[in-house]
Amino acid sequence: MSQQESNERHLDAPAAPGSEGGGRAKRWLQSSGHNRTLLLALVSLAIFAGAIWDISSELRSSPFHPDESRWINRAYYLRETLNPLSSVWEDRYLIRGQPPMGSYMTGLFLLAQGRDLDTNRAWDFHYGFESNVTWNVTRNAMPAEGDLMAARRGSMVVAALTAVALFLIVAELTNILGGVLGAAMLIANPLNHYLATLATSDAVFTFFVSLSVLAAVWLAKKPTWGRAILLGLAMAAGASTKLSPLGLAAGFAVYGGVLLVDPWLRSQRYLGRVWRWINRLSWGTERPLGWMLGVQPAIVGLLFIITYPYLWSAPIERVRFLFAFRRKEMDNQAGFWPQAAIGSRTEALERTWQNLNDRYSSSDRVITGLGNLFGADWSGVRIDLYLALPGLLLLVYLAWRRGLASPHALAAAAVLGQSALILLALGVDFNRYYLPLLFATSIGAGVLGGCAGEAVLLTFKRFGSPGSLPAPQSSKSNQVLPVLRSQESPSQ
């Protein structure tokens, strides 16, 4: 029997007699096997449909943004993937300005809805922004209505798929209730609504971030090279949309190196005691998982270059060009909009709080809606980050209790690592930069909700059966309560 099987069987220990009576709610939280798979599929479908229904009302009401012109203009990049050595991929401003995956996705959105890849000219910001469109409109830089709506519908669909991915992530880390709550927080947020109804790459990038986290969870559950490649594909797609997942891949390589030396660290007489406190559980998968994470920079880097023909002639030099260009663009944006400039990481955190708790609030929307049902004004109650941050801290705690090779640990590394990269690079307060951070905080709210749901059920059972103190149950679906009140693994 492998060490991982031993740990799972330990965590799957049967409950004490008399502890069965959790009722339908408990079965819904802790269902497993084929029934759980079917339930996950049905809830995922409901979340996708609910997201489409909620977001679609704003497809036409979201004001036009000139960035939409540029993304739709570049839809023809999809066709040019068949001509990777053509002049299209020469060193020019628009080619260097953005990696091409967002443009590929826009092209796919258009083709899927019967539109053409030859669209409008690119918007020239030297002659006006959204408040001054005359010069650009007269030069065919305004997208056709059909192209604009087709691209916006594509963003809406990937935003709905992101909510489904978030549900699956949190359901795996806690339970189905937590997954539903996390997805609902993301769907309801006004920032998600706005960016999911724009023909830009922001919803696409957050979708690839969600796939990266989900792939990391799956890889930790069952380390195989197929799942390792899937993780690399997700991060490479994200890197080919925005650049930050390249840093995440490098971070995973360091993480893998730590897992590779885990057996040696455990064997040390004095250092081993400290290390066994840091990495509390050994699943027996540390070495293979370490190698699979260690090769992520090679997988991601190779796929990133393949998807971006601009890099082919001089990969290292032109990747340096890309990062230098992005830094310069961020500085230019801060110069054009000094009121939006971010000068320190402390200010970056302050702006993030203002945007994700005060300016764009899911809780305010939900609580205001509930108040309207009762004829009361409950607006102005914004508690999003007061739910999310404790949930993220709880995820870190669960990762510590489960061990560095656990799904909780890899999920925490992916979510918090990607968020840290964004916060470190954030130089201007533009709302589009906060969508991946909203995804992260929604995961935190879902984890908190899932743990709270389990705790309420246990409390109800305990008071409902005074003579019985049931042992907490677990399953391979990674229910969270046995971690909060965990039995110790024999492999510590």
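Residues numbered from 1 in each chain as written. Predicted model: local features only at pLDDT ≥ 70, side-chain atom pairs only at ≥ 80, totals over all residues. Heavy atoms only, no water.

A. Seen up close, the packing of aromatic side chains. Taken as a whole and assessed by the stated rule, the structure comprises 17 aromatic pairs. Ring geometry for Tyr93 versus Phe325: centroids 5.5 Å apart, planes at 65°, classification edge-to-face. Taken as a pair, Tyr93 in helix α6 (residues 93-97) and Phe325 in helix α19 (residues 315-336) lie far apart in primary sequence, 232 residues in all. By relative accessible area, which is 11% here, Phe325 ends up buried. Ring centres of Phe207 and Phe208 lie 5.6 Å apart, and the angle between their planes is 40°; this geometry places the pair in the tilted category. In this structure, Phe207 and Phe208 share a single accessibility class: buried. One aromatic cluster is present, formed by Phe125, Phe129, Phe336, Trp337, Phe430 and Tyr433 through successive ring pairs. (Phe/Tyr/Trp six-rings, centres within 6.5 Å; stacked < 30°, edge-to-face > 60°. Helix = DSSP H or I, 4+ residues; strand = E, 2+ residues; numbered from the N terminus. Buried < 20%, exposed > 50% of the residue type's maximum accessible area, 1.4 Å probe, protein only.)

B. Representation of the side chain of Lys242 within the structure. When you line up the elements, Lys242 lands in the loop between α13 (225-239) and α14 (245-260). At 4.1 Å, Asp202 is the nearest oppositely charged side chain to Lys242, a buried residue that forms no salt bridge. Engagement of the side chain of Lys242 in a polar contact is seen with the side chain of Ser201, the distance being 3.4 Å. For Lys242, the contacting residues outside a window of four places in its chain are Gln98, Ser201, Asp202 and Phe205. (Lys, Arg positive; Asp, Glu negative; His and termini not counted. Salt bridge = Lys/Arg side-chain N within 4 Å of Asp/Glu carboxyl O. Polar contact = N/O pair within 3.5 Å; in protein donor to acceptor, adjacent residues only side chain to side chain. Contact = heavy atoms within 4.5 Å.)

C. Focus on the pattern of salt bridges. Tallied over the full model, the rule gives 13 salt bridges. For Arg365, the salt bridge goes to Asp54, with nearest N and O atoms at 2.8 Å. With Arg365 in helix α21 (residues 362-373) and Asp54 in helix α3 (residues 33-56), this pair connects stretches of sequence that are 311 residues apart. Residue classification places Asp54 among the buried residues on the basis of a relative accessible area of 13%. Between Glu80 and Arg79 there is a salt bridge; the shortest N-O distance is 3.8 Å. Its relative accessible area of 11% is what places Glu80 among the buried residues. Among the residues examined, Arg79 registers a relative accessible area of 31% and is labelled partly exposed. Within the structure, one salt-bridge network assembled from shared partners comprises Arg79, Glu80 and Asp118.

D. Broad picture of helix α22 (residues 384-402). Along its 19 residues, α22 runs 27 Å from first to last C-alpha, staying within 8% of the 27 Å computed at 1.5 Å per residue. Along α22, the residues that are buried comprise Asp384, Leu385, Ala388, Gly391, Leu392, Leu394, Leu395, Leu398, Ala399, Arg401 and Arg402. Immediately downstream of α22, the backbone of Gly403 shows phi near 105°, a positive value. (Expected span 1.5 Å × (residues − 1).)

E. Examining unusual backbone geometry more closely. Backbone geometry places Asn140, a non-glycine residue, at a positive phi of 65°. You can see Asn140 is positioned in the loop between α8 (134-138) and α9 (145-173).

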